[in-house]
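# Working through the structure, step by step
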Amino acid sequence: MLSILTLFLRGFTFKGFSEQLHNKNLETPSMKVWLIQTQGYSDKMDAYKAGVAAAKEGLGVYVISDNSTWRWVAGAYTTQVDAENIIQDSVLLTKATSCEYEIKSKKINLSADVIEPCRQIFTAVCSAFDKLLNLRVALNNNTLINEIMLELTSLYNTIKSATSVLQTQNSTLKSDLVSAIIYTANQNILSLNDIVSANNDFSMATINTALLKTIFSLDNF
């Protein structure tokens, strides 16, 4: 056990030592996908309407800004080939393109008191993304989805529980970073709720939209 004198000789102060004990680094998730998008909308609502109109074909509905214009994002895929195949098969995507989209991991410094619920949220969100990919494949192939739905429901409940803990803790901490993680969690709670509460009666568009919400909720740090 290091003595207090040894700690001072190594450059620690009481404040610095306290920070070492009570603050920890947490890495945000990284992700790389291929997005399907249509650009050039001058009005956000026009981009959103294009997405809603395409939902009947199973495409996602998500809108993001691109400087002074807006983009409708229709889907996310793990390879460019998969994204291009979807574009070729849809008459509504004749002007769409695929592009690589990467979210890089970042180290964020948090109070040790909130590390565990934050880690639970990030882990569950990433797992939910993978399960949503599996659900999309299963729905497309008309195979059983019961096991996937049970796993998604469990992850949904994990995110809700950890978020409730964070909200309570952050009422005292008032951390902007914790608020950002709560925002990420809430975006996923909302999108997963559309699936887990639907009694297996949901569309491909709902899955694609949930996948997009997951991706962009993580690109928040």
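To start, this report covers the structure provided alongside it. Since the structure is predicted, the reported quantities are computational estimates derived from the model, not experimental observations.

### A few points about the packing of helix 7 (residues 176-196) against helix 8 (residues 204-218)
It is at 9 Å that the axes of helix 7 and helix 8 come closest, and there the two elements cross at 175 degrees. In this view, helix 7 runs roughly antiparallel relative to helix 8, as classed from their interaxial angle. Counting all contacts with helix 7, which are made through Thr 184, Gln 187, Asn 188, Ser 191, Asp 194 and Ile 195, the residues of helix 8 involved are Thr 206, Ile 207, Ala 210, Lys 213, Thr 214, Ser 217 and Leu 218. Within the contact of helix 7 with helix 8, the residues separate by chemical class into four nonpolar, seven polar and two charged.

### Regarding a nonpolar patch on the surface
A grouping of Met 45, Tyr 48 and Val 52 is seen on the molecular surface, where their side chains present a nonpolar patch of about 280 Å² in accessible area. Within the secondary structure layout, Met 45 lies in helix 3 (residues 44-54).

### Points about the packing of aromatic side chains
Here the structure, examined in full by the defined rule, presents three aromatic pairs. On the basis of an interplanar angle of 80 degrees and a centroid distance of 5.7 Å, the ring pair of Phe 122 and Phe 221 is categorised as edge-to-face. Linking Phe 122 in helix 5 (residues 115-141) with Phe 221 in the segment after helix 8, this pair joins segments that are 99 residues apart in sequence.

### Considering the pattern of salt bridges
In this structure the tally under the stated criterion is three salt bridges. The residue Arg 71 makes a salt bridge to Asp 66 at a minimum N-O spacing of 3.9 Å. Accessibility expressed as a relative area gives 15% for Arg 71, which makes it buried. Its relative accessible area of 24% is what places Asp 66 among the partly exposed residues. Between Glu 116 and Arg 119 there is a salt bridge, with the nearest N and O atoms lying 3.3 Å from each other. Placement of the pair is Glu 116 and Arg 119 together in helix 5, with a separation of three residues, close to one helical turn.

Reading guide: rules and limits
- Residues numbered from 1 in each chain as written.
- Predicted model: local features only at pLDDT ≥ 70, side-chain atom pairs only at ≥ 80, totals over all residues.
- Heavy atoms only, no water.
- Axes fitted to C-alpha atoms, helices over the stretch in contact; angles between N-to-C directions.
- Helix = DSSP H or I, 4+ residues; strand = E, 2+ residues; numbered from the N terminus.
- Parallel < 35°, antiparallel > 145°, perpendicular 65-115°, else oblique.
- Contact = heavy atoms within 4.5 Å.
- Nonpolar A, V, L, I, M, F, W, Y, C, P; charged D, E, K, R; others polar.
- Patch = residues over 30% accessible without salt bridge, like charges linked within 9 Å, V, L, I, M, F, W, Y side chains within 5 Å.
- Areas by Shrake-Rupley, 256 points an atom, 1.4 Å probe, with all protein chains shown as cover.
- Salt bridge = Lys/Arg side-chain N within 4 Å of Asp/Glu carboxyl O.
- Phe/Tyr/Trp six-rings, centres within 6.5 Å; stacked < 30°, edge-to-face > 60°.
- Buried < 20%, exposed > 50% of the residue type's maximum accessible area, 1.4 Å probe, protein only.

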